[in-house]
Amino acid sequence: GENVEQHPSTLSVQEGDSAVIKCTYSDSASNYFPWYKQELGKRPQLIIDIRSNVGEKKDQRIAVTLNKTAKHFSLHITETQPEDSAVYFCAVPRDAGGTSYGKLTFGQGTILTVHP
Amino acid sequence: DTGVSQDPRHKITKRGQNVTFRCDPISEHNRLYWYRQTLGQGPEFLTYFQNEAQLEKSRLLSDRFSAERPKGSFSTLEIQRTEQGDSAMYLCAIIVSGTGIFGTEAFFGQGTRLTVV
């Protein structure tokens, strides 16, 4: 099965700093790479995703970069704000084709704390 | 409208009791997924449905677990003879397309938090 390693497990930054979380996967067939944000007691919520045909995608303060050769992808948050504090999860598809949106293997999570 | 309703939101049960959770997508969705999330971990895939057919079960789904989706709309997840290790958040997800900034995504419900005492 797919192995997904996410680092770091905790990340503490000052407001305004940047935060980077990295995810490494094992199945080279994977073609879809989402990042989810989960606030305490709430549902995981998709914040950004990338397909394997591009190397980078950006949405305001959030970006995801993908290195298919090295089999890793990273979440970048710039100008962090206290409301960015949450647990962030990467995920990769579990299906043989590497494209499933719903059948996912999640990383272990990163607890991000942004200090005002 | 996009949304998934899960009921109950919280459940406390004694070890050995049976429990049943319900997942209700607001509108029709072909695919429905169940996940389990223990404290401090990412969600783990349990099973999924294409309409009323259960297409895959992960090895996490022991014989004490059963899931159904009788009419291809809502789904239930039952745990028989609960054990303390079953304590977790049980999440339901559907695939939504064309909403917000994402073309297609797995949209999760708020989950049912089970505590076995």
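Before reading further, recall that the structure is shown in the block above.
None of the values given here were measured: they were computed from a predicted structure. (Residues numbered from 1 in each chain as written. Chains lettered and ligands numbered in written order. Predicted model: local features only at pLDDT ≥ 70, side-chain atom pairs only at ≥ 80, totals over all residues. Heavy atoms only, no water.)

### Observations concerning the pattern of salt bridges
- Under the criterion given, the structure shown has 10 salt bridges over all chains.
- Arg61 of chain A is the salt-bridge partner of Asp84 of chain A, the closest N and O atoms lying 2.9 Å from each other. With Asp84 of chain A in the loop between strand S8 (72-77) and strand S9 (86-93) and Arg61 of chain A in the loop between strand S6 (56-59) and strand S7 (62-67), this residue pair connects regions lying 23 residues apart in the sequence.
- What makes Arg61 of chain A partly exposed here is its relative accessible area of 21%.
- In this structure, Arg22 of chain B and Asp24 of chain B form a salt bridge, with 2.7 Å as the shortest nitrogen-oxygen distance.
- Assessed through its relative accessible area of 33%, Arg22 of chain B is described here as partly exposed.
- It is possible to trace a salt-bridge network through shared partners that takes in Lys37, Glu39 and Lys42 of chain A. (Salt bridge = Lys/Arg side-chain N within 4 Å of Asp/Glu carboxyl O. Helix = DSSP H or I, 4+ residues; strand = E, 2+ residues; numbered from the N terminus. Buried < 20%, exposed > 50% of the residue type's maximum accessible area, 1.4 Å probe, protein only.)

### Points about the pairing of strand S11 (residues 110-115) of chain A
Residues and elements named next belong to chain A.
- Taking every second residue as pointing to the same face, the buried face of S11 carries Thr110, Leu112 and Val114, while none of Ile111, Thr113 and His115 on the other face is buried.
- Pairing geometry for strand S2 (residues 10-14) and S11, over five bridges, is parallel. Following the sheet pairing, Ser12 is matched in S11 by Thr113. (Pairing = 2+ DSSP bridges.)

### Quick notes on the packing of aromatic side chains
- Evaluation of the coordinates by the stated rule reveals 16 aromatic pairs over all chains.
- A ring pair is formed by Tyr25 of chain A and Phe33 of chain A, whose centres lie 5.0 Å apart and whose planes are at 45 degrees; its orientation type is tilted.
- Residue classification places Tyr25 of chain A among the buried residues on the basis of a relative accessible area of 3%.
- Taking the centre distance of 5.6 Å and the plane angle of 85 degrees together, the rings of Tyr36 of chain A and Phe108 of chain B count as edge-to-face. Separated into two different chains, Tyr36 of chain A in strand S4 (residues 32-38) and Phe108 of chain B in strand S10 (residues 104-108) make up a pair that spans both. Each of the two residues, Tyr36 of chain A as well as Phe108 of chain B, counts as buried.
- Through a chain of ring-to-ring contacts, three or more aromatic side chains come together here, namely Tyr36, Phe89 and Phe106 of chain A together with Tyr33, Tyr35, Phe45, Tyr48 and Phe108 of chain B.
- For the cation-ring pair, Arg43 of chain A lies above Phe107 of chain B, with the distance from its terminal atom to the ring centre recorded as 3.9 Å. (Phe/Tyr/Trp six-rings, centres within 6.5 Å; stacked < 30°, edge-to-face > 60°. Lys NZ or Arg CZ within 6 Å of the ring centre and 35° of its normal.)

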